[in-house]
Protein chains: 2
Amino acid sequence: MNDMSDAPMVAERRGRRGGGGAARRAERTARKIENARPILRRIPEFEILNAEALEIIERNAETVLEEIGVAFTENPAALARWREAGADVDGDRVRIPRGLARSLCATAPAIFTQHARNAEKSVDIGGKNTVLAPVYGPPFVRDLDGGRRYATMEDFRNFVKLAYLSKNIHHSGGTVCEPTDIAVNKRHLDMLLAHMTLSDKPFMGSVTAPERAVDSVKMCEILFGADFVAENTVLTSLVNINSPLTFDATMMGALETYAAAGQACIVSPFIVGGAMAPVSVAGTLTQVLAEVLAGVAYAQLIRPGAPVIFGAFVTSIDMNSGAPTFGTPEASKILYGAGQLARRLGLPFRSGGALCGSKLPDAQAAYETANTLNAMLLGGVNFCLHSAGWLEGGLVASLEKFVLDADQLGALASVAAGVDVSEDAQAMDAIREVGPGGHYLGCAHTQRHFKDAFWRSEVLDYKPFETWSEEGGRDSQALAAERARRMLDEYEAPALDQAVREALEAFVARRKAEEPDAFA
Amino acid sequence: MNDMSDAPMVAERRGRRGGGGAARRAERTARKIENARPILRRIPEFEILNAEALEIIERNAETVLEEIGVAFTENPAALARWREAGADVDGDRVRIPRGLARSLCATAPAIFTQHARNAEKSVDIGGKNTVLAPVYGPPFVRDLDGGRRYATMEDFRNFVKLAYLSKNIHHSGGTVCEPTDIAVNKRHLDMLLAHMTLSDKPFMGSVTAPERAVDSVKMCEILFGADFVAENTVLTSLVNINSPLTFDATMMGALETYAAAGQACIVSPFIVGGAMAPVSVAGTLTQVLAEVLAGVAYAQLIRPGAPVIFGAFVTSIDMNSGAPTFGTPEASKILYGAGQLARRLGLPFRSGGALCGSKLPDAQAAYETANTLNAMLLGGVNFCLHSAGWLEGGLVASLEKFVLDADQLGALASVAAGVDVSEDAQAMDAIREVGPGGHYLGCAHTQRHFKDAFWRSEVLDYKPFETWSEEGGRDSQALAAERARRMLDEYEAPALDQAVREALEAFVARRKAEEPDAFA
């Protein structure tokens, strides 16, 4: 278990032994990949709620827990734990006395380290850090020729490769798309194997059944060593709450497995506003806070100190069609407010992403995405799932969108760096040198800094109209497709100890052989 | 001259006489157009600079004014005014003693009313208001068939019509595109006539020559009545500073005309970072502040109390190609910082817009635009020029982009409304009614609010994939083109007193006859 004080030490120790050897070999043998550390936000958070609003919402959330309660369905052990902790249990309804959930949450770390097999890519989740991970969950992909079809394991591997190659993506994520060509009860094995072998960034575990969570931990024991996994967090997994106010046995089974193993969970209401929560921002925030308080408290009942993240995935809804909508003002307001509630609770915060409803990586997709990503950064998100590749309300993973989003993440990192007011950055020498009517391009200050003074996109077009026209007048989607193709062509896997690889493959083969394929 | 205290009274008086008759007739006869009031920001501003950074930049700006000074070129009268005010004048260089410019700025109003001929559309510029105006200046248009060509007066009229029909655009703007088929020395007359007759929203005056500013005021005297114009602000015009630190005679001629007439000017450095200002954010902010201090102080020397706006148009630059770039992190940081400086100076603030470098209304355009518009809102902009229709670094005005941007402005207005925490918005009744595992769509709270609970785009696609596919799988550009076409087809001009219209047309005809066409 890591907390704020020992995380750096643990990370350092990790660099010296265990996976450190693989990392050093990777350095020697593989093509050098540029990698940014997680974003360190040197800027304030945007706080949309004033003190009065925060107090109202916090008071109401406690009222929800106390009077209405939450349901832990088909989970007698959970009910027993809650009864033991002092809650009022009636059937599967758990009513939590005012203040109890919040006090249980106090043992959860404000920041924790998730280790990667390449120690240089381990991430601290919490505080002023923002860790960016790819899209999660789409059953479809839109491929480079523009077709929309069911995702396969081959697609999955491509997205893992792109995330590995993307400088500003710090985390390999989890179900980057659903490999629908693999049996439902076995695909977690292939997905984990892909994250472990095709990337050296941190990744997520399976949550679709408790035994798949167990498999996830076991494969990590092979990759990192069992001793290391016993003492450190190497998985962050996504545990959705069945909003409103319901914790089902499948997701809780995964949470119980991971929390007991000291592995991290994002405890995350999944809300389409107006359907799974009230239509109002304040009402939704109240329910989100109540749900997260109950879920995080439960993780602490399993193991005090288990690392958890305050999640809030909230979209609005088109009341005409019932479709979920993204990049909307309501979603931004909820994100900002939830961030404030998470910080007051002292927990790392997950929200946002490159969310959009558009079917194509077009202007709609980008407006919606940029609205969400800007709110994500200023709202103080610590862990951002879906930060690249999300299309069509999360039904589709898109390579072009991935490349475009990943590029924008670099711009966010640059905003987060804040404003340098060092003497050099004040540039008074330059203003004196150039004077009224002059030109800065040639001055000493510009010459010293021109290479890194401005963020520069690696995919957007900055050419003059005539050049751009002569080259075919391509839009962003076409430019992104070209870049994605080139990245995949040039991909080389990071080095991995051959014995570890074989042990992982053997584990996957054995587990696959143990049960027949299931496709539901 | 308006200041905060008498503006409402003036606006009310305007409703009762003068243009009020025309407004009432418009109400009776014309098709009802939906119109939003300027955005009232019930949210805090995002402040990227801490107190120390602000003090450094403010101190440095005074040093720039005192030691380096600014140039007022080919303008002996301006030099005399500055000498009289206590500045050190040497050639055309004006060195302003520390504190003098800031103290001169104190007479500028923190907020002022710009009147529209329809009193319901008059706008207060300053405070927590955000007034949105269309793109300004593009010599090219991209028309609905996708072609890029020189703009004409017909295009100009179309953009004025779209702005008139766009609910969230509060201002008709100025040079919505350059009508290149009209002589340079006469096009301001046709442009003003279009704003005055095709719309009833407030608009901008000409700045390309002092006599064209005089024409602008004279046409307003016909539209509003000379007595009204003598007492009220009916024009807000864009006076760019020739950065670095240079105030040319053309722009100052326009500023002198308008300030003397009590008409408003945006005093706005126009900066491509690294070319017209240092490559650093802090250095650029220092120069921007020095320039605005000098320009606003000069307007107050012309007429104390003249309404002015603190402008900051700053783009970054691609150091590879020299192209200006938009929606970049540096631009956002400068916008946030400049907003803080403007508020500390007690002036209305202009910045931002739907800025982008893309050649097409594609994903690039939308990422860049949304980055800028989000910073614009949170940065506390009071007057946002270019809020719709800007493409290709401002070289091109696009009808599709206009429609897409104008739609997004509605989302910003909704963010700005903040979070309602009234008892009804807390929705505790709904959470109690629905309970764990329930569904909110049918509950009483949702039924009461579903029509206006969520912002809804009027142009983006929310349809299921199958429906969208069957309808041709159109991207945002195609959907926007269809909407623009429909809007232009359905356009009806607001009513205008026939005698006023004839007097305006006669003025334009007479002024055109007075000089030969000039095309440079």
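Keep in mind that what you see is a predicted model, and the values were worked out from it rather than measured. (Residues numbered from 1 in each chain as written. Chains lettered and ligands numbered in written order. Predicted model: local features only at pLDDT ≥ 70, side-chain atom pairs only at ≥ 80, totals over all residues. Heavy atoms only, no water.)

K.L.:
Hey, could you go over the overall build of chain A for me, with residue numbers and the actual values?
P.N.:
Helix and strand content of chain A: 20 helices and 18 strands. For 520 residues, the compact-globule estimate of 2.2 N^0.38 gives 24 Å, and the C-alpha radius of gyration of chain A, at 23 Å, lies within 12% of that figure. Evaluated residue by residue, chain A yields a buried proportion of 67% over its 520 residues. By sequence separation, contacts in chain A at least 24 residues apart represent 77% of the contacts at least 6 residues apart. For chain A, the exposed surface amounts to about 17000 Å²; the carbon and sulfur share of it is 51%. Distance from the positive charge centre (53 side chains) to the negative charge centre (66 side chains) of chain A: 3 Å. (Helix = DSSP H or I, 4+ residues; strand = E, 2+ residues; numbered from the N terminus. Rg over C-alpha atoms; globule rule 2.2 N^0.38 Å. Buried < 20%, exposed > 50% of the residue type's maximum accessible area, 1.4 Å probe, protein only. Contact = heavy atoms within 4.5 Å. Areas by Shrake-Rupley, 256 points an atom, 1.4 Å probe, with all protein chains shown as cover. Lys, Arg positive; Asp, Glu negative; His and termini not counted. Charge placed at Lys NZ, Arg CZ, Asp CG, Glu CD.)

K.L.:
Which residues make up helix α10 (residues 249–260) of chain B, and what values do they have?
P.N.:
Residues and elements named next belong to chain B. Here α10 is 12 residues long and its end C-alpha atoms lie 16 Å apart, about the 16 Å a rise of 1.5 Å per residue gives. Within α10, 9 of the 12 residues are buried, leaving the element largely enclosed by the surrounding structure. All of the buried residues in α10 are M251, M252, G253, A254, L255, E256, T257, Y258 and A259. Sitting at the amino-terminal end of α10 is D248, which places a side-chain oxygen 3.1 Å from the backbone nitrogen of T250. Backbone geometry just downstream of α10 places G262 in the positive-phi region, at approximately 70 degrees. (Expected span 1.5 Å × (residues − 1). Polar contact = N/O pair within 3.5 Å; in protein donor to acceptor, adjacent residues only side chain to side chain.)

K.L.:
Residues and numbers for the sheet that holds strand β2 (residues 70–72) of chain B, please.
P.N.:
Through backbone hydrogen bonds, the strands of a sheet pair up, either in parallel or in antiparallel fashion. Residues and elements named next belong to chain B. Strand order in the open sheet made by the 4 strands is β3-β4-β2-β11, with mixed pairing throughout. With one partner strand each, in any of the chains shown, β3 (88–90) and β11 (246–247) form the two edges of the open sheet. Judged from the 2 bridges that link them, β2 and strand β4 (residues 93–95) form a sheet pairing that is antiparallel. What sits directly across from A71, in β4, is R93. (Pairing = 2+ DSSP bridges.)

K.L.:
Can you lay out the pairing of strand β7 (residues 129–132) of chain A for me, pointing to particular residues and giving the numbers?
P.N.:
All names here are of chain A. Side chains N129 and V131 of β7 all project onto a buried face; the interleaved residues T130 and L132 project onto the opposite face, where all are buried too. Sheet topology places strand β1 (residues 39–40) next to β7; 2 bridges connect them, and they run antiparallel. When the bridges of β7 are listed, I39 appears paired with T130. Across 2 bridges, the pairing between β7 and strand β16 (residues 383–384) is parallel.

K.L.:
Which residues make up the relation of the copies chain B and chain A, and what are the values?
P.N.:
Of the two same-sequence chains, chain B is brought onto chain A (RMSD 0.0 Å, axial shift 0.0 Å) by a rotation of 180 degrees. Here the copies are linked by what is in effect a two-fold axis. For chain B, the minimum C-alpha distance to the rotation axis belongs to A363 of chain B and amounts to 2.1 Å. (Least-squares fit on C-alpha atoms with pLDDT ≥ 70 in both.)

K.L.:
Can you lay out the nonpolar core for me, pointing to particular residues and giving the numbers?
P.N.:
In terms of nonpolar packing, the biggest core is built from 358 residues, with F310 of chain A together with F310 of chain B touching the most fellow members. Those residues in contact with F310 of chain A that sit more than four places away from it in its chain are V267, V288, L289, V292, A338, L341, A342, L345, L347, P348, F349 and R350 of chain A. If you look at the next biggest cluster of nonpolar residues, it comprises 6 residues, including V272 and I317 of chain A together with A453 and F454 of chain B. (Core = buried A, V, L, I, M, F, W, Y, C linked by side-chain atoms within 4.5 Å.)

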